[in-house]
Amino acid sequence: DLIMNINLLKHCCTCGVIAYKLLKEFGYPEDMCRKGYLLGYLHDCMKPFEVDELRNHGLLLSGLIDGEIIELIEKHEIMLESNENYPTLLIALKFADYTVNSKGEFVGFDGRLVDVEERYGLDTTTYRDTLHDITWLRSRGYDVFEKKFLEEIDVFYDTNYAHLN
């Protein structure tokens, strides 16, 4: 049976909330913020299939990110620094994904790096890509939002998750 792991579901839900909140902080209109939530929520929805070709199909399903950009991401040919016109929604998603651990907890950049290291190891493409993009986000001042959100951590823990356990 195909079952979405509860931690993966929590990760997706929290990523949606974080992407939404980041876009709100930037002053984007509600419809853009909702798109950020949807993108965060769907980004890993195909992970239970554990098939590399389906890995980023959640992004395609959202209809919010161009298929050509997703293809470049999959080939590791597009990193955050390589395109200053990187879609705003994708930056919001990257921020969310790199601050939420695999259990769905908002842990900040350092906590996410620890999570990725424990799951994949230091000498992996996943770890190197994560470190690279977190470094890029920090160089653009996103650590200000990370710190702010860490101070407001209670906002991200929805007690309604209890019914999912």
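Caption draft 1: Structural context of the packing of aromatic side chains. Enumeration according to the criterion identifies nine aromatic pairs in this entry. Pairing F95 with F109 gives two aromatic rings, centres 5.7 Å apart and planes at 90°, and the pair type is edge-to-face. A residue pair is termed long-range when its members are at least 10 positions apart, and F95 in helix 5 (residues 88-97) and F109 in helix 6 (residues 108-120) qualify at 14 residues. F109 shares its class with F95; the two are buried.

Caption draft 2: Broad picture of the state of the cysteines. Within this structure, the stated rule accounts for zero disulfides. The thiol sulfur of C13 is not disulfide-bonded, and the nearest other cysteine sulfur, from C12, lies at 7.1 Å.

Caption draft 3: Main features of the side chain of H11. By the secondary structure assignment, H11 is in helix 1 (residues 6-25). A polar side-chain atom of H11 sits 2.8 Å from a polar atom in the side chain of D97. Residues contacting H11, with those up to four places away along its chain left out, are H43, D44, D97, V100, N101, S102, G104 and R112.

Caption draft 4: Just helix 8 (residues 143-151), in detail. If you check which residues of helix 8 are buried, you get F145, E146 and F149. Looking straight down helix 8, one finds that the buried residues subtend no more than 105° of arc, so they occupy a single side. Along helix 8, exposed side chains directed more than 90 degrees from the buried face belong to V144 and E151. The inward-facing, buried residues of helix 8 abut helix 1, helix 5, helix 6 and helix 7 (125-139).

Caption draft 5: View of the pattern of salt bridges. All chains considered together, the criterion is met by twelve salt bridges. Among the salt bridges present, the one from D110 reaches R138, with a minimum N-O distance of 2.8 Å. Here D110 is found in helix 6, whereas its partner R138 is found in helix 7, with 28 residues between them in sequence. With relative accessibility at 47%, the residue D110 sits in the partly exposed group. The partner of D115 in a salt bridge is R112, and the shortest N-O contact between them spans 2.5 Å. Linking D115 with R112, this pair stays in helix 6, spanning three residues, or about one helical turn. Of the two residues examined, D115 and R112, each falls in the buried class. Linked through salt bridges whose partners overlap, the residues forming this network are K21, E25, K148 and E152.

Caption draft 6: Region of the structure containing the packing of helix 2 (residues 30-42) against helix 5. At their nearest, the axes of helix 2 and helix 5 sit 9 Å apart, and the two run at 50° to each other. Comparing their axes, helix 5 and helix 2 come out oblique. The two elements helix 2 and helix 5 meet at a crossing, and its hand is right-handed. Residue-level contacts link M32, K35, G36, L39 and G40 of helix 2 to T88, L89, L90 and L93 of helix 5.

Conventions we followed
Residues numbered from 1 in each chain as written. Predicted model: local features only at pLDDT ≥ 70, side-chain atom pairs only at ≥ 80, totals over all residues. Heavy atoms only, no water. Phe/Tyr/Trp six-rings, centres within 6.5 Å; stacked < 30°, edge-to-face > 60°. Helix = DSSP H or I, 4+ residues; strand = E, 2+ residues; numbered from the N terminus. Buried < 20%, exposed > 50% of the residue type's maximum accessible area, 1.4 Å probe, protein only. Disulfide = S-S within 2.5 Å. Polar contact = N/O pair within 3.5 Å; in protein donor to acceptor, adjacent residues only side chain to side chain. Contact = heavy atoms within 4.5 Å. Arc of directions from axis to C-beta. Salt bridge = Lys/Arg side-chain N within 4 Å of Asp/Glu carboxyl O. Axes fitted to C-alpha atoms, helices over the stretch in contact; angles between N-to-C directions. Parallel < 35°, antiparallel > 145°, perpendicular 65-115°, else oblique. Left-handed = near helix turned anticlockwise from the far one by under 90°.

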